Amino acid sequence: MTVEVWNPSYQHSEIDLSALPEVYRSIPESASIGLTLADTEDDCVIVTVEPEFSTVTRLRDRTFYNLQISTTPTRP
């Protein structure tokens, strides 16, 4: 899994899925987060978490599909 964080500078890391809960808790609420699962050339799931909204998007066959969009704050 790829984790990208903007707070305000850009950070990029590769983690195992089992590490996600701890990594997620360590990111400040004001940061923007991007998670990419199964990142292949044309097939992946992208989760973005912003302070005001979040999205879940699927890339498949060169087309992006918005699976879920939330305008409710997503972090405690």
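Scoring rules and cut-offs
Throughout, a residue's number is its position along its own chain's written sequence, starting from 1. Reporting of local features is limited, given that this is a predicted model, to residues whose pLDDT is at least 70; pairs of side-chain atoms are given and counted only at 80 or more, and all residues count toward the totals for whole chains, interfaces and linings. Side-chain numbers here rest on the full set of heavy atoms in the structure, without hydrogens or water. Helix and strand assignments follow DSSP, with helices taken as H or I runs no shorter than four residues and strands as E runs no shorter than two, numbered in order from the N terminus. Only protein chains enter the accessibility calculation, which uses a 1.4 Å probe; a residue is then buried when its area is under 20% of its type maximum, exposed when over 50%, and partly exposed in between. A pair of strands is labelled paired if DSSP reports no fewer than 2 bridges between them. By definition in these notes, contact holds between two residues if any of their heavy atoms fall within 4.5 Å. Should a side-chain nitrogen of Lys or Arg be within 4 Å of a carboxyl oxygen of Asp or Glu, the pair is scored as a salt bridge.

Looking now at unusual backbone geometry. Put simply, Asn-7 and Pro-8 share a cis peptide bond, and its omega is -20°. In this structure, Pro-8 sits in the loop between strand S1 (2-6) and strand S2 (10-14). Unusually for a residue other than glycine, Asp-61 sits at a positive phi of about 50°. Among the secondary structure elements, Asp-61 is positioned in the loop between strand S5 (54-60) and strand S6 (63-70). For Asp-61, a relative accessible area of 57% corresponds to the exposed category. The backbone phi angle of Arg-62 is positive, close to 65°, even though this residue is not glycine. Note that Arg-62 resides in the loop between S5 and S6. Judged by its relative accessible area of 75%, Arg-62 is exposed.

This brings us to the pairing of strand S4 (residues 43-49). Summarising the sheet, S4 and S5 pair through seven bridges and their orientation is antiparallel. Of the residues in S5, the one forming a bridge with Ile-46 is Thr-57. Linking two consecutive strands that pair antiparallel, namely S4 and S5, is a turn of four residues.

Now for the environment of Asn-66. Note that Asn-66 resides in strand S6. Among the residues examined, Asn-66 registers a relative accessible area of 53% and is labelled exposed. Separated by 20 residues in the primary sequence, Asn-66 and Ile-46 place their C-alpha atoms 9.5 Å from one another. Those residues in contact with Asn-66, other than ones at most four positions away along the chain, are Val-56 and Thr-57.

This part is about the pattern of salt bridges. Pairing between side chains of opposite charge can happen when their charged atoms approach one another. Per the counting criterion, the structure on display carries two salt bridges. Residues Arg-58 and Asp-43 are paired through a salt bridge, measuring 2.7 Å at the closest nitrogen-oxygen approach. With Arg-58 in strand S5 and Asp-43 in strand S4, the pair connects residues that are 15 residues apart, well separated along the chain. Of the residues examined, Arg-58 reaches a relative accessible area of 27% and is grouped as partly exposed. Take Asp-43: its relative accessible area is 28%, and that puts it in the partly exposed class. For Asp-43, the salt bridge identified is with Arg-60, shortest N-O distance 3.4 Å. In this pair, Asp-43 sits in strand S4 while Arg-60 sits in strand S5, placing the two residues 17 residues apart along the sequence. A relative accessible area of 38% places Arg-60 in the partly exposed class. Each of Asp-43, Arg-58 and Arg-60 takes part in one network of salt bridges that share partners.

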